[in-house]
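What the coordinates show
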Amino acid sequence: MKITAITVYQVDLPLAQPYWLSGGRLKFETLDSTFVRVDTDAGITGWGEGCPWGHTYLPAHGPGIRAGIGTMAGFVLGLDPRRHLAVERAMDLALPGHLYAKSPIDMACWDIAGQAAGLPIADLMGGGSRTPAPVASSVGARDIDETRKLVESYRARGYRLHSVKVGGDVARDIGRVRDMETIRQAGEAVLYDVNRAWSRQQALRVMTATRDLDVMFEQPGETLDDLAAIRARHSAPVSADECLVTLQDATRIARDGLAEVMNIKLNRVGGLTKAARIRDIALAHGIHCFVMATGGSVLADTEAMHLAASFPDDSLLGVWACQDMLTLDVAPGRGPRCVDGHLRMSQTPGLGVHPDQDRLGPPVATYGNRP
Ligand code: MG
C-alpha cells in the first residue's frame, strides 16, 4: 500500500466561551485546526487533525503545521502508511523537530492501518481497553464563586475529575485551592493546573501554604529545570504537562523523579507513534498519565481515546476532550462523545470517525494525486 495524496484543510473552531489560562495571561476564543486527508492506492483514506490550542499556549503554530506538511509531503508520498516507523523517520529527516506538524499525518496513517487490519487503532496498538475513560473538566482561571459554579455545572453532567486552572496571584491561588478542597466530594479528583504561570518562589509559597492538603499541582513552573529546582522543597505530587515534549523529556522526568504524573498531549509530542514510547517510559517507572489531543474536534478527541485505551486502566487518570467547548462540530453526533463524564472507545476499525468534508471548506493544499 502506498500514500498517493495528502490534502490539507484549515478550519477555525470557535470556543463557546472565551477561555483564560495561566493566571489569565493567555486568552483564547478560536482554535486554528488543521485537518489532513491521506489517500492510498488501496482505496483506503485516513484522516488526521492537529490543533495546538492557539499559538500562545505552546511553541506550536497552526500555520506552522500546514507549512511543515508542505515541507514533509514529498518525503511521505509513496510510503506504506502502515509502516509507522518508516513514516516517522521520513518526517524526522525532512523536518527535524516541529513535532506538532507531524501528528496529523501520523494520526491519518494509524487510521489507515486500522482500517486495513479491521481493528480500532487502540487494538492495533496492542491495548484496547473498553473501560470508559473519565473526562477531566476544565475550570478556567476565575475567582472562588465562579470556580464553584463551574465545578457544579460539570458535576451535574457527571464529571468527577476536575482540572482547576490556577497560577497568577499567590494569595488568590491559595484561597481558591483551600476553598475548592472544602467542597471536594468523595470520589472526586482535583488537579490544580498552573500552566507554567508561577515563578519558583511563587510555586513554593502556594505549595507550602497548602501542605496540609493532599493536592496535586500540574506544571507549577515553566521548565523541567524549574520542576527540578523546587522538587526537594515541597511534598506535593506534581504532574508534568507543557514541559513534556520529547522522549528525552520523558526519560528525564522518570530518571530524576520530577513528577508522579505525565500529561501526554498528542499534538505536542508528535502523534501516536511518539506518544506510545512516552507511555511506555511512564509505565516502566510507575508514573500515571493523563491523555489528550491538545485541542481540536471530535477527531482529535478520538485519537486521544485510542491512546488512552492502550494503557492499563489503573495507570490512566483520565482524558480531556475539547469537543464540548466548541460551537462547530465537523462530524455531528459521531465518534466518542462525553456522556456522564466519560468517553467510550470507538469499536469501528481505524480512527472510527471522519469529518463531513463540506464542513471543512475547500482544501488549502493538495500534494500528490488525489483520486
Ligand atoms: Mg495542563
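Residues numbered from 1 in each chain as written. Predicted model: local features only at pLDDT ≥ 70, side-chain atom pairs only at ≥ 80, totals over all residues. Heavy atoms only, no water.

1. Quick notes on the pattern of salt bridges
Selection criterion: By definition here, a salt bridge exists when the distance from a side-chain nitrogen of Lys or Arg to a carboxyl oxygen of Asp or Glu is within 4 Å. Counting from the N terminus, the helices are the DSSP runs of H or I reaching at least four residues and the strands are the DSSP runs of E reaching at least two. Exposed residues in this analysis have more than 50% of their type's maximum accessible area, buried residues have under 20%, and partly exposed residues fall in between, with area computed by a 1.4 Å probe over protein chains only.
Within the structure shown, the criterion is met by 27 salt bridges. Residue Asp212 pairs with Arg178 through a salt bridge whose shortest N-O separation is 2.6 Å. Within this pair, whereas Asp212 is found in the loop between α7 (200-209) and β8 (216-218), its partner Arg178 is found in helix α6 (residues 170-183), the two being separated by 34 residues in sequence. For Arg178, a relative accessible area of 31% gives the class partly exposed.

2. Concerning the coordination of the magnesium ion
Heads up, the rule is: Nitrogen, oxygen and sulfur within 2.8 Å of a metal are treated as its donors, or within 3.2 Å for sodium, potassium and calcium (Na, K, Ca); water is not counted, so a site can appear incomplete.
Coordination of the magnesium ion by the protein is provided by Asp193 (OD), Glu218 (OE) and Asp241 (OD), with metal-donor distances spanning 2.0 to 2.3 Å. Summarised as a motif, the one-chain spacing of the donors to the magnesium ion is D-x24-E-x22-D. Here Asp193, found in strand β7 (residues 189-193), pairs with Glu218, found in strand β8; they are 25 residues apart in sequence, far enough to count as distant. Neither residue differs from the other here; Asp193 and Glu218 are each classed as buried.

3. A word on the domain arrangement of the protein
The condition is simple: Where a domain begins and ends is set by an automatic assignment or by a domain database. Residue contacts follow a heavy-atom distance rule, with two residues in contact if any of their heavy atoms lie within 4.5 Å. By buried area we mean the combined loss of accessible area, with a 1.4 Å probe, across both parts when two parts are placed together. Amino acids are sorted into nonpolar (Ala, Val, Leu, Ile, Met, Phe, Trp, Tyr, Cys and Pro), charged (Asp, Glu, Lys and Arg) and polar (every other residue, Gly among them).
In terms of domains, the protein is made up of domain 1 (3-118 + 355-368) and domain 2 (124-343). On a C-alpha basis, the centres of domain 1 and domain 2 stand 23 Å from each other. The partner domain 2 presents 48 residues to the 45 residues of domain 1 that form the contact. Of the roughly 3500 Å² buried between domain 1 and domain 2 on both sides combined, carbon and sulfur atoms contribute 61%. Taken as a group, Tyr57, Leu99 and Trp110 account for 17% of the area that domain 1 buries against domain 2, more than any other trio of residues on that side. Along the contact surface separating domain 1 from domain 2 lie four salt bridges. Those elements that provide at least two residues to the side of domain 1 that touches domain 2 are β1 (3-21), β2 (26-40), β3 (45-50), α2 (84-94) and α3 (99-117). By residue number, the principal contributor to the side of domain 1 that touches domain 2 is α3, which donates 10 residues. Residues belonging to the side of domain 1 that touches domain 2 are distributed by class as follows: 27 nonpolar, nine polar and nine charged.

4. Quick word on the pairing of strand β12 (residues 316-320)
In plain terms, the rule: Paired strands are those between which DSSP finds at least two bridges. Seen with its strands pointing away from the viewer, a crossover is right-handed when the path leading from the first strand over the helix to the second is clockwise.
When you tally the buried positions in β12, you get four out of five residues, the bulk of the element. Relative to β12, strand β11 (residues 288-292) runs parallel, the two sharing four bridges. Residue pairing for β12: Cys289 is matched across the bridge by Leu316. Assessed by its sense of winding, the connection that carries the chain from β11 through helix α12 (residues 298-308) to β12 is right-handed.

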